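Spelled out from the first residue to the last, the chains are:
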Amino acid sequence: MSRSALLVGALLGFSTMGTVCGPAVESPPAEVTCDGMAAPGEGEPVLLLVDPETKTPLLEGATLQTERGPELGTYVYVTLRHYTADVEGYIYALRVVQDGYPETGALVAEGTSFVGSCSGWTEVVVPLALNLFETTPATLRLQAQGGGQVIEAEMRVNVAY
């Protein structure tokens, strides 16, 4: 009798786990703005990581500060500027990988946004949901895909909690 009660209790516990934990939390949406600044150099597509406060390019070793997002998650917000003459949708995929793991790296944060780009400069603020909760040096990897092209950028950063 006690085994049956234990089995029924375990089954009830497992069947209610999804309702107790609730649905997965989604990342806040990316923020997109268009800018009429002049084309860079030859007018070729360009992808830059910028400081959201000063709008200047981020320097190697910049610190990304974590923030609490509107969906109760913890995020790092990355601002990128993308120049293209195409007005198309682009997929921006960003990953922050912890240093010290030469083969695979520990995933610190990641985020993907699909947005319509502007003809000229598009500025996109992408929230990256955090997977690792410790201050760490890391590599930020960025990929923009659209208009028949793939553009990549990479930068060393620090993630601060």
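Here the residue index of a chain counts from 1 through its sequence in written order. Local features in this predicted model are restricted to residues of pLDDT 70 or higher, and side-chain atom pairs are both shown and tallied only at a pLDDT of 80 or more, whereas totals for entire chains, interfaces and linings draw on every residue. Only hydrogens and water are removed before side-chain values are computed, so all heavy atoms of the structure are retained for them.

Here we come to the nonpolar core. The nonpolar side chains of soluble globular proteins are, as a tendency, buried together. Remark: nonpolar core denotes a set of buried residues (Ala, Val, Leu, Ile, Met, Phe, Trp, Tyr, Cys) joined through side-chain atoms within 4.5 Å. Three labels apply to residues, based on accessible area from a 1.4 Å probe with only protein chains included: buried if under 20% of the type maximum, exposed if over 50%, partly exposed otherwise in between. In this structure, Leu 80, Tyr 92 and Leu 94 are the most contacted members of the largest nonpolar core, which totals 27 residues. Setting aside its immediate chain neighbours within four residues, Leu 80 contacts Leu 47, Leu 48, Leu 49, Tyr 92, Leu 94, Thr 122, Glu 123, Val 124, Val 126 and Leu 142. Here, two residues are considered to be in contact whenever any of their heavy atoms come within 4.5 Å of each other.

Right, let's talk about the pairing of strand β9 (residues 149-160) for a bit. Strand direction decides the pairing type here: strand β3 (residues 62-68) and β9, joined by four bridges, are parallel. Note on β9: the bridge partner recorded for Ala 62 is Val 157. In terms of strand pairing, strand β8 (residues 136-146) meets β9 through eleven bridges, oriented antiparallel. The residue of β9 that forms the bridge with Arg 141 is Glu 154. The pairing criterion for strands is at least two bridges between them, as found by DSSP. A run of H or I in DSSP counts as a helix once it spans at least four residues, and a run of E counts as a strand once it spans at least two, with each numbered from the N terminus.

Trans peptide bonds make up most of the peptide bonds, and negative phi angles are found at most residues other than glycine. Unlike most non-glycine residues, Lys 55 shows phi in positive territory, near 65°. Within the secondary structure, Lys 55 sits in the loop between β2 (46-50) and β3.

Salt bridge criterion: a side-chain nitrogen from Lys or Arg within 4 Å of a carboxyl oxygen from Asp or Glu. Scanning all chains against the criterion turns up five salt bridges. Put simply, Asp 35 and Arg 81 hold a salt bridge, and the shortest N to O gap is 3.4 Å. Of this pair, Asp 35 sits in strand β1 (residues 31-35) while Arg 81 sits in strand β4 (residues 74-84), placing them 46 residues apart in sequence. Look at Asp 35 and you get partly exposed, because its relative accessible area is 28%. Note that Glu 123 and Lys 55 form a salt bridge whose closest N and O atoms lie 2.8 Å from each other. Of the two residues, Glu 123 sits in strand β7 (residues 120-130) while Lys 55 sits in the loop between β2 and β3, which places them 68 residues apart along the sequence. The class for Glu 123 is buried, based on a relative accessible area of 8%. Among the residues examined, Lys 55 registers a relative accessible area of 44% and is labelled partly exposed. Through salt bridges with shared partners, a single network forms among Asp 35, Lys 55, Arg 81 and Glu 123.

Looking now at the environment of Glu 154. Tracing the backbone through its elements, the reader meets Glu 154 in strand β9. Looking at Glu 154, the relative accessible area reads 54%, which means it is exposed. Each C-alpha atom, one on Glu 154 and one on Val 96, is 9.7 Å from the other, the two residues being 58 residues apart in sequence. Glu 154 has contacts with Thr 139, Leu 140 and Arg 141, leaving out every residue within four places of it along the chain. Among the polar contacts made by the side chain of Glu 154, one reaches the side chain of Arg 141 at a distance of 3.2 Å. N or O atoms within 3.5 Å of each other form a polar contact, as long as, within protein, one can give a hydrogen and the other can take it, and as long as residues adjacent in sequence are counted only when both atoms are side-chain atoms.

Per-residue confidence for the protein chain averages 75 on the pLDDT scale, and 78% of its residues sit at or above 70. Values of pLDDT, which run from 0 to 100, indicate the predictor's confidence residue by residue. Low confidence marks residues 1-25, where pLDDT is under 50. Its contacts with residues over four positions away, or in another chain, come to two contacts.

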